[in-house]
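Spelled out, the chains give:
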Amino acid sequence: MNNFRYSRASDIADAIRLLAPDPGAKLIAGGTNLIDLMKENVERPSRLIDISRLPLREIVETPDGGLRIGALVPNSDLAYHPLIEQRYPLLASAILAGASAQLRNMASVGGNLMQRTRCPYFYDTATPCNKRSLGSGCSAIDGLNRNHAILGTSNSCIATNPSDMSVALAALGALVHIAGPNGERTIALTDFHRLPDDKPHLDTNLGSGEIIIAVELPPHSFARNYSYLKIRDRMSYAFALVSVAAALELEGNAISGARVALGGVAHKPWRSLEAEAALRGQAATPDHFGHAADLLLQGASARSHNGFKIELARRAVVRTLMQATNATPQSQAHKKIA
Amino acid sequence: MNGYVGTPTSRVDGRAKVTGAAKYAGEFTADRLVHGFVVEATIPRGRIAQLDTSEALKVAGVLDVLTHANRPSLADKDDAWKDEVAPEGSPFRPLYDDTIKFNGQPIALVVAEEWATAKFAATLVRIDYEQAEFATDLEAERGGASEMDKPHKPRGDAAGALAAAALRHEADYLIPTEHHNPMELYATTTVWEGDGKLTVYDKTQGVQNVQKFLCGVFDKKPEDIRVLSPYVGGAFGSGLRPQYQVVLATLAALALKRSVRVVLTRQQMYGLGYRPMTIERVALGAKSDGTLDAVTHEAIAVTSRYEDFARNDTGWAEQLYSSPNSSFSHKLVHLDVSTPSDMRAPGAASGVCALECAMDELAVALNLDPIELRLKCYSDRDQSENLPYTSKQLRQCYARGAEAFGWGRRDPAPRSMRDGKELVGWGMATGVWEALQMPVAVRIVLTSNGHAEVSCAASDIGTGTYTIVAQVAADALGLPIENISVRLADSTLPQAPVEGGSWMAASSAHAVLGAAEDIRQELARHAQAMPSSPLAGVDAQDIILAEGTIAKAGERGRAISIADAMRYGKLERIEKQKLNEFPEDKSHARNTHSAVFAEVKVDEELGVIRVTRVVSAVAAGRILNTKTGRSQIMGGVVWGIGMALHEETVMDHRFGRIMNANIAEYHIPVNADVHDIDVIFVDEPDTHINKLGVKGLGEIGIVGVPAAIANAVYHATGKRIRRFPITLDKLLG
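Position numbers for residues count from 1 along each chain, tracking the sequence in the order it is written. Following the order in which they are written, the chains are lettered starting with A and the ligands numbered starting with 1. Per-residue local features of the predicted model are confined to residues with pLDDT of at least 70, and side-chain atom pairs are confined, for both listing and counting, to 80 or more; whole-chain, interface and lining totals are unaffected and use all residues. Side-chain measures were taken over the full set of non-hydrogen atoms in the model, leaving aside hydrogen atoms and water.

Draft legend 1. The overall build of chain A, seen in detail. If you tally the helices and strands in chain A, you get 13 helices and 12 strands. Note on method: radius of gyration uses C-alpha positions; expected globular size equals 2.2 Å times residues raised to 0.38. A globule of 338 residues ought to have a C-alpha radius of gyration of about 20 Å, and chain A, at 19 Å, matches this closely. When the backbone C-alpha atoms are referred to their principal axes, chain A occupies close to 60 × 50 × 35 Å. Within chain A, buried positions represent 56% of all 338 residues. Note on definitions: a residue-residue contact is assigned when non-hydrogen atoms from the two residues lie within 4.5 Å. A sequence separation of at least 24 residues applies to 64% of the contacts in chain A between residues at least 6 apart. If you sum the accessible surface of chain A, you get close to 12,800 Å²; carbon and sulfur atoms cover 50% of it. Only four residue types enter the tally: Lys and Arg on the positive side, Asp and Glu on the negative side; His and the chain ends are excluded. By convention, charge coordinates are those of NZ in Lys, CZ in Arg, CG in Asp, or CD in Glu. Looking at chain A, you have 35 positive and 30 negative side-chain charges, and the mean spots of the two groups are 5 Å apart. Here a helix means four or more residues in a row that DSSP labels H or I, a strand means two or more in a row labelled E, and each is numbered from the N terminus. Note on classification: 1.4 Å probe, protein chains only; a residue is buried when its accessible area is under 20% of the maximum for its type, exposed when over 50%, partly exposed between these limits. Accessibility throughout is a Shrake-Rupley quantity obtained with a 1.4 Å probe, and a residue counts as covered only by protein chains that appear here.

Laid out in C-alpha cells, this is it:
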C-alpha cells in the first residue's frame, strides 16, 4: 500500500473539482474492492476522494414509473428495498448472489459498477498484465484461464467483469447517470463497461473527472418471469463461472419480450439483441431457448482451460429461461440449483 | 473414576474465546512495541543481485530494514535449525544469505513504529534478481522422482500376482497442493525483556519446540527465551514447525533491542507449508471371488530442493485389506518450492483417498457392493508387522454407518437414482489413522481450598485440550470441573511435544492421571494418619478421591474432606509432576478407523455437485468428550468435502508462483456447501492401548471423506474423476 492524500468531498461539484485535475486520484465509497487492490499495490492512488457522505443514497420513483437509485445506496439496502423486491426482483436476486452479507453492506451501487476484474494476474504485481500495466503482456492468454472470458476478448486481455449486479442491470436496460466537469450525461449500462480491445486498462467509458451519481431503472421491470442463476465452484461466496440474468414477458406460453444477459464470460455483461429478438413470438420451450443461447454465444472462443464455459453458458441460459418461464426463479438462499 | 470423562462437557475456554478475552500471538503488546512487515521474493530460484533499502529507510517511522546483508548473527549449522519435527535435509533459514529457494521467500523485514508504515515502506525496497532455471511442475518433472526408503516391506510377489490376477484395477489419482488456511494469521510478538531476554508469543503447535529452535538459531540459553502460545486459532499441522515469522520477529527484537510484532498476511501464508501435490498410483489385483491377491501403491510427491518431506501415503492397505502380495513405494520430486508440511492426516488423507477410490473401482469391476468387497478383504491384523490390533471395530463402523445412512436401499447401477434434475449418488469409503502416544508431563497443584491447577506445555490448537485435561483432572481428583484451572502452552511448563498426529488427547490425559494418582496417594496417607480416621486400616488401593473427599471405594460414608486432610498434614498445597507412562509394547497395532458414507446430488445438465448427506461412523476407542469429539469429526468431514470438491492451490509454472493465494480464490466449503453431517461413535472398548482406552480424534475425521464423495459422484454420474478437486467442468460433456 502506498501513501496517499485523503480528501472528503463536500458535494458532487467538490468531488469533481478534486478528481478532474489529478489523474492519480480515486473516488472511494465502500472501498470493498479498492482497498483490497491498494493492499496488493495494484491500485496506488495519489489521492482518495471520500464520497461516502454525499447525498446519493436515495431510491426514488421517476415520473415515467421507473426508479432512480443513488450511486451510494449500499448493495444490501438496494436488494432489500421494498420497491426493488416487488418490482425488480431480478436485480435483488442478482445482488444477493454476489459477495457476502458483510461486503454487500459496505459496497455501493456505483462501486459495484466500478469493481475490477478478479483475474489473478491482474492482482499479482509480479506477473505481466496489460490491464494493470499496459504493454506488459497478458499472462492469462497462455496461462491459467479457466475462469476467463469466452466472448469479446482481445489479444491483449481476456479478463471478465466480476459483477453480478451489472448483469441484472444490463438485462433490465438500466441507465447510468454521470456527472463531470462538463455537466451531466446518461449512458446505457450496456455501454458503460468496455470490451478490452487494445485498451484493457480501461474498464469503463467513464471520462476523466466523471463520477457516477445514479442508476436508473426503466419502468419495465419483468417482475413475474425472471431468474438470476449463478454457476460457480461452490454454492456461495465465489465469482461466477457463468451467470445468467433472464427476464421474459409471456402471453400464455408465447414470448412477447425477452432479456438475457450473461455474466462471467466477458469484459462486460453480455447481451445479444439478436438472440432476444429471435425469442419474440416463439413458444417458451427449451429448444427455442437453446437457439437463443446459440445466438447469444455466437463468436465465443475458448483458451486452453475455459472451453467448458461455452457449453456451460448454453445450458445455464436454457435453465434460467425455463426458471423464468415457470415463474420459479432461482433462490439465492437455498443450498440448491432449482 | 467417572463424572466428566465421556460426557459432552462444554469447552472450558469457550467463553474466553467468544468474548475476545482469549489472546492470540498477534494480540499481545509491550512497551514501545514496533512492527515488522515481510518483503518476499517474487522469483522461485536464483539469488539477490542487489537489494536497495535506501528509499524504505527514508520513510518517517521506519527504524530498520533487516536483510541477509545487515542482520544480526544466525546459526550457521543445520543442526541448530532443525526443530523436533524437521524432515531430512537442510532447513530453510530466513534472511540467511542471498539465495532464493522459493517464490514468497522472505528476503527483508521492514521494521517501523506503525504497521502501516512498515507495509508501505516494504513497497519501496528494490530488489534485482539473478534468476536461475527453475521447475515447479510435479507432473512435468515426474520422471525425475527419487525413491525414498520403503515405508513398508514388500510381501510376496506383488508384480507377479498383479499380472496373474483375474481382475486388475490400476490408476493414477492426483491430489493437488492444498494450503491449511487456518483462520488466525501466523504471528509472533517477541517481547524484549532487557538484558537479551525474550518472551515470545507465537502461533505454534509446540512452544517447547519453538523455544529450543530459537535457542539454537540465536545461540541463547534456555532461560533467556520463553515461548507462549495460550490460544491458537487453528493450525492443522502448519504450526508444527517453527515458522519464519518467529525467526524474523526475534531477529528484529535482538537487532533493535525492542519488542517486535510480525503478522503475516493471508497471501504470505501461502509461502509456508502445504499438503504436497501427490500422484497416487494404486494397483489392485483380485481373484474372481472378490478377495485381493495383490496391492501396490506408489506415491510421487512434491518436496523442496532442500528438505525431503515424506509421509506415509502408501501402506494403509496393509492395515485395511488382506492380500498375500503387496509392495509400496514413496518417491519425491525436488522442486523450487518451499518444503511441504503436515496437514490434517498427512499422508493418509491423500493416500487413503486414492486407495478407497481404487477399491470402489474394483467393486464396480467385480460387480460387488463396495462394503461387501471391503468385508471380504477385511484384515484383522496389521499385515506389515503381522500384528493384531489393540482394538478394531471397523466392522461395526460399516454396519452402524450403513444402517444410519440407509445403504441397503442403494441401487448399485450408476445414474440409477435421481431427484428431479439431479442425479443422486451414494458412495462410501474407509478411513484409518494411527493411535499414537507421546511423552507428556503434567504438574498438578492442589490447594487446600479444593482447587487444582493443572499445567503442561502442550498447546490447544482449538481441538479442546484445555477441556479434556480439565475433565480428566476433575474426575481423577474427585473435584467439580469449576475447581480445575488449566494452564497450557508455556515453554516453562512441564514437557510436551508438538500437538499433532492425534496424540495429545491420550498423552496428556494419562499424564494427568499419573500426577493425580500421586496426589491421591499423598492425600490417602495424610487421611489415614489422622486420629480416629474412618479410613484407618483401609487398603491404600481402595481409597479414592470423590466429591471433594478422600473416601473408601464403595463405602462413601468412610470419608474425610480433602481440606481436613491437608489441614491435618499442615499442607497449603500438594504439587505433583508426572511424566505419562505407557508400557513399551510392540505386540499390537494401534489405529483408529472410520466408515464414511456420502450422498451427492449432481445437476445433470450443469454439473453442480452438492454433498447432501454424510454419515461418519468412527471407532476411536473411548471418546473423552462427545461434544468436542463430534466437532472434531464434523470439521474433518467439512474439510473432506473441500478436499473432494474445492481445494486446490493453483500455480503458474511459467512463473513458479501460486496464483490463488487468498481465501476468495482458494476455495474451501462455505455454509451453503455443507448439509447434514451425522457423526456416530462406535463403541470400542480398548483395555490394551492405555488405561483410559483413548485413541485420539484429530485426523481420522477427514480420512476417507474425499473418496466417499468421489465414489458417490461416480455412482451419480457414471464418471470417474481421478484428479481432485472434482469441479463441475470435469463432469460436463
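After presenting the structure, the write-up continues.
Draft legend 2. Main features of the overall build of chain B. In terms of helices and strands, chain B carries 16 helices and 33 strands. The C-alpha atoms of chain B give a radius of gyration of 27 Å, which matches the 27 Å a tight globule of 733 residues would have. Along the first, second and third principal axes, the C-alpha atoms of chain B reach 85 × 70 × 50 Å. Of all 733 residues assigned to chain B, the portion counted as buried reaches 64%. Here the analysis covers contacts within chain B between residues at least 6 apart in sequence; of these, 80% occur between residues at least 24 apart. For chain B, the exposed surface amounts to about 25,900 Å²; the carbon and sulfur share of it is 48%. Side-chain charges in chain B split into 78 positive and 94 negative, and the spacing between the mean points of these groups amounts to 2 Å.

Draft legend 3. Looking closely at the packing of aromatic side chains. All names here are of chain B. Classification of ring pairs rests on two measures: the distance between centres of Phe, Tyr or Trp rings, Trp counted by its six-membered ring, which must be within 6.5 Å, and the angle between planes, read as stacked under 30 degrees, edge-to-face over 60 and tilted in between. Tallied over the entire structure, the rule returns 17 aromatic pairs over all chains. Judged by centre distance (5.8 Å) and plane angle (25°), the ring pair of Trp316 and Trp433 falls under stacked. Separated by 117 residues along the polypeptide, Trp316 in the loop between strand S16 (307-308) and helix H8 (317-320) and Trp433 in strand S21 (residues 422-434) bring together distant segments of the chain. Neither Trp316 nor Trp433 differs from the other in exposure class; each is buried. An aromatic cluster is defined as three or more aromatic residues linked by ring pairs; in this entry it consists of Phe405, Trp407, Trp426 and Phe597. Criterion for a charge above a ring: Lys NZ or Arg CZ within 6 Å of the ring centre, and within 35 degrees of the ring normal. Sitting over the ring of Phe405, Arg613 keeps its end group 4.1 Å from the ring centre.

Draft legend 4. Summary view of the domain arrangement of chain B. Residue and element names in this part refer to chain B. Here the limits of each domain have been adopted from an automatic or database domain assignment. Along its sequence, chain B is carved into domain 1 (18-133 + 182-265), domain 2 (278-436 + 586-730) and domain 3 (438-579). One C-alpha centre belongs to domain 1, the other to domain 2, and the line joining them spans 36 Å. Summing both sides of the interface, domain 1 and domain 2 together bury roughly 1,400 Å²; the carbon and sulfur share of this comes to 52%. Only one rule defines a salt bridge in this text: a Lys or Arg side-chain nitrogen within 4 Å of an Asp or Glu carboxyl oxygen. Counting every contact that joins domain 1 to domain 2 gives two salt bridges. Summed over both partners, the accessible area lost on bringing two parts together, with a 1.4 Å probe, is the buried area.

Draft legend 5. Representation of the side chain of Thr188 of chain B within the structure. All names here are of chain B. Relative to the assigned elements, Thr188 resides in strand S10 (residues 187-194). Here a polar contact is recorded for every N or O atom pair within 3.5 Å, except that within protein the pair must consist of a potential hydrogen donor and a potential acceptor, and residues adjacent in sequence are included only if both atoms are side-chain atoms. Here the side chain of Thr188 touches Gln245 through a polar contact of 3.1 Å, side chain to side chain. Leaving out residues up to four positions away in the same chain, Thr188 has contacts with Ala25, Val200, Tyr201, Asp202, Gln245, Val246, Ala249, Val260, Arg261 and Val262.

Draft legend 6. Expanded view of empty space enclosed by the protein. Residue and element names in this part refer to chain B. Grid points spaced at 1 Å over the protein atoms alone were grouped into cavities, where a 1.4 Å probe fits but cannot get out, and pockets, open sets with protein on both sides within 12 Å along at least five of seven lines, with lining residues defined by an atom within 4 Å of a point. Grid points are joined across faces, edges and corners, and a volume is the space filled by probe spheres set on the points. Considering all chains together, one arrives at seven cavities of 30 Å³ or more under this definition. Approximately 370 Å³ is the volume found for the largest cavity. If you go around the largest cavity, you meet 29 residues; those closest to its centre are Phe92, Arg241, Pro242, Gln243 and Glu307. When the residues that make up the lining of the largest cavity are grouped by side-chain class, the tally is 16 nonpolar, eight polar and five charged. Residue classes follow a fixed rule: Ala, Val, Leu, Ile, Met, Phe, Trp, Tyr, Cys and Pro count as nonpolar, while Asp, Glu, Lys and Arg count as charged, and any other residue, Gly among them, counts as polar.

Draft legend 7. Expanded view of the pattern of salt bridges. All names here are of chain B. Under the definition given, this model contains 68 salt bridges over all chains. The salt bridge partner of Glu356 is Arg374, with a shortest N-O separation of 2.7 Å. Taken together, the residues span a long stretch of sequence, with Glu356 in helix H9 (residues 348-366) and Arg374 in helix H10 (residues 370-376) at a distance of 18 residues. Residue Asp564 pairs with Arg567 through a salt bridge whose shortest N-O separation is 2.9 Å.

Draft legend 8. Structural detail: the domain arrangement of chain A. For chain A, the domain assignment lists domain 1 (5-52) and domain 2 (225-325). Computed from C-alpha atoms alone, the centre-to-centre distance between domain 1 of chain A and domain 2 of chain A is 36 Å.

Draft legend 9. Structural detail: the interface of chain A and chain B. In this assembly, 39 residues from chain A lie in contact with 37 residues from chain B. When the two sides are added together, the surface that chain A and chain B hide from each other amounts to roughly 3,300 Å², 59% of it contributed by carbon and sulfur. Interface area lost by chain A to chain B is led by Arg234, Arg319 and Lys335 of chain A, which between them contribute 21%. Counting every contact that joins chain A to chain B gives six salt bridges. The residue Asp124 of chain A makes a salt bridge to Arg657 of chain B at a minimum N-O spacing of 2.6 Å. Taken together, chain A and chain B are joined by 14 residue pairs in polar contact (both at pLDDT 80 or more). In terms of residues, the side of chain A that touches chain B owes the most to one element, helix H13 (residues 308-325) of chain A, which gives five residues. Each residue belonging to the side of chain A that touches chain B can be placed in one class, and the counts come to 18 nonpolar, seven polar and 14 charged.

Draft legend 10. Region of the structure containing the sheet that holds strand S13 (residues 260-263) of chain B. Residues and elements named next belong to chain B. For two strands to count as paired, DSSP must find a minimum of two bridges between them. Read across the open sheet, the seven strands follow the order S3-S6-S1-S13-S10-S11-S12; overall the sheet is mixed. Looking at strand neighbours, the two that pair on one side only are strand S3 (62-67) and strand S12 (225-228), the edges of this open sheet. Strand-to-strand twist across the sheet, computed as the mean angle between neighbouring axes with direction ignored, equals 20°. To define axes, lines are fitted to C-alpha atoms, for helices over the stretch in contact only, and angles between the resulting N-to-C directions are given on a 0 to 180 degree scale. Lying over the sheet, helix H4 (residues 115-122) contacts strand S1 (34-40), S3, strand S6 (106-112) and S13, oriented at roughly 25° with respect to S1. Where helix H7 (residues 244-256) meets the sheet, it contacts S1, S3, S6, S10, strand S11 (197-202) and S13, and its direction lies at approximately 25° from that of S10.

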